[in-house]
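Results of the structural survey
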Amino acid sequence: MKNLILFAFLFSICITNAQEFQLTDTYDITNQRSSGQEDEDTWLVDVIESNNPERLVATMSISDFGLLDEIRISVLSNPDLEDINEILKVTLEYNACCSSTEEFYYLISNDNDFIALPSIKNEYAYEPISDIHYIFPNQSFGKEGTILRAALQYTETATIKDIKVLGSIAWNDDDFDTEDAITAINY
């Protein structure tokens, strides 16, 4: 019984300390331009730091620009990854007969370097009952020193019912780069 009470106490502390991404105006989208593929309706935009517009974070290719509904920029502070200050997430939301999202994640180091993770795409026919996200150590269901790529299953009330880990990246800032991230995730 003591073990059960201890487990419940620790679990509630983890849930209380867990963080979610928060919308931010620290970063912005600018410089919308054609990619030279007008027949495919593909456009390019830049993600910049708002207070330093010369500081380019990333250039993103937006396919089906006519179906783009919204771009959201959010951050996760103190993700509990060594030498990483925050995680930047750029979400592109598309709406047509079905909706879809494409999420781009950037780890921001203490030295203000940006490290890209592979993007994640989710498509929804109706209400989302399942989707894929990265889970970082300071979030609910996070694992110390590890970035998880997981499929989340939801109930009708939009609470998480089940999580299936699809892949994981053990964080080691000495040899991590985009190439490693792509090969480290199991599809």
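Bear in mind that the values here come from a model prediction, so they are computed numbers and not experimental data.

1. Things to note about the pattern of salt bridges
Under the defined criterion, the tally for this structure stands at four salt bridges. Of the charged contacts in the structure, one is a salt bridge between R72 and E93, with a shortest N-O distance of 2.7 Å. Of the two residues, R72 sits in strand β5 (residues 68–77) while E93 sits in strand β6 (residues 84–95), which places them 21 residues apart along the sequence. Between E103 and K89 there is a salt bridge, with the nearest N and O atoms lying 3.7 Å from each other. Placement of the pair is E103 in strand β7 (residues 99–109) and K89 in strand β6, with a sequence separation of 14 residues. Take E103 and K89: they sit in the same class, and that class is buried. Beyond isolated ion pairs, a larger network of salt bridges with shared partners links E70, R72 and E93.

2. A look at the environment of A116
Along the polypeptide, A116 turns up in strand β8 (residues 114–116). Residues A116 and V57, 59 residues apart in the sequence, show an inter-C-alpha distance of 9.6 Å.

3. Some details on the sheet that holds strand β3 (residues 43–49)
As a general point, the strands of a sheet are linked pairwise by backbone hydrogen bonds and lie either parallel or antiparallel. Taking strand neighbours across the sheet as the criterion, the three strands line up as β2-β3-β4 in an open arrangement whose pairing is antiparallel. Where the open sheet ends on each side, the last strands, each with one partner, are β2 (27–34) and β4 (52–62). Put simply, the sheet's adjacent strands are angled 30 degrees from each other on average, direction ignored.

4. Brief notes about the sheet that holds strand β11 (residues 146–154)
Across the sheet, three strands lie side by side as β10-β11-β12; this open sheet has antiparallel pairing. Each having just a single partner strand, β10 (130–135) and β12 (160–170) make up the two edges of the open sheet. The mean inter-strand angle of the sheet, taken between neighbouring strand axes irrespective of direction, is 20 degrees. Direction of pairing for β10 relative to β11: antiparallel, over a ladder of six bridges. In the sheet register, I135 faces β11, and the bridge partner there is L148.

5. Some thoughts on the side chain of H133
Of note, H133 is situated in strand β10. Looking at H133, its side chain comes within polar contact range of the side chain of E103, at 3.3 Å. One polar contact links H133 to D131, side chain to side chain, over a distance of 3.1 Å. For H133, the contacting residues outside a window of four places in its chain are E103, Y105, I120, L148, R149, A150, L152 and Y154.

6. Overview of the nonpolar core
The biggest cluster of nonpolar side chains holds 18 residues, and the ones touching the most others in it are Y27, M60, L88, V90, L92 and Y106. If near-sequence neighbours (up to four positions away) are discounted, V90 is found in contact with V47, M60, I71, R72, I73, E102, E103, F104 and Y106.

7. A short note on unusual backbone geometry
Phi is mostly negative for residues that are not glycine, and the peptide bonds are mostly trans. For N78, which is not glycine, the phi torsion reads 45 degrees and is therefore positive. Position of N78 among the secondary structure elements: in the loop between β5 and β6. Of note in this structure, D80 is not a glycine but carries a positive phi near 65 degrees. Mapped onto the elements of the fold, D80 is located in the loop between β5 and β6.

8. Things to note about the layout of surface pockets
By volume, the largest pocket is sized at about 540 Å³. Lining the largest pocket are 25 residues, and of these E20, K89, E103, H133 and Y154 lie nearest its centre. Of the residues in the lining of the largest pocket, the class split is 13 nonpolar, seven polar and five charged. Approximately 290 Å³ is the volume found for the second largest pocket. Around the second largest pocket sit 13 residues that line it, and S63, D64, Y94, S100 and E123 are the ones nearest its centre. Going through the elements one at a time, β6, β7 and β9 (120–124) are the ones with two or more residues in the lining of the second largest pocket. A per-element tally of the lining of the second largest pocket places β7 first, with four residues. A per-class count over the lining of the second largest pocket returns four nonpolar, five polar and four charged.

Calculation rules
- Residues numbered from 1 in each chain as written.
- Predicted model: local features only at pLDDT ≥ 70, side-chain atom pairs only at ≥ 80, totals over all residues.
- Heavy atoms only, no water.
- Salt bridge = Lys/Arg side-chain N within 4 Å of Asp/Glu carboxyl O.
- Helix = DSSP H or I, 4+ residues; strand = E, 2+ residues; numbered from the N terminus.
- Buried < 20%, exposed > 50% of the residue type's maximum accessible area, 1.4 Å probe, protein only.
- Pairing = 2+ DSSP bridges.
- Axes fitted to C-alpha atoms, helices over the stretch in contact; angles between N-to-C directions.
- Polar contact = N/O pair within 3.5 Å; in protein donor to acceptor, adjacent residues only side chain to side chain.
- Contact = heavy atoms within 4.5 Å.
- Core = buried A, V, L, I, M, F, W, Y, C linked by side-chain atoms within 4.5 Å.
- 1 Å grid on protein atoms, 1.4 Å probe; cavity = no way out; pocket = protein on both sides within 12 Å on 5 of 7 lines; lining within 4 Å.
- Points joined across faces, edges and corners; volume = space filled by probe spheres on them.
- Nonpolar A, V, L, I, M, F, W, Y, C, P; charged D, E, K, R; others polar.

Everything listed here is a matter of coordinates, which is why it stays silent on function.
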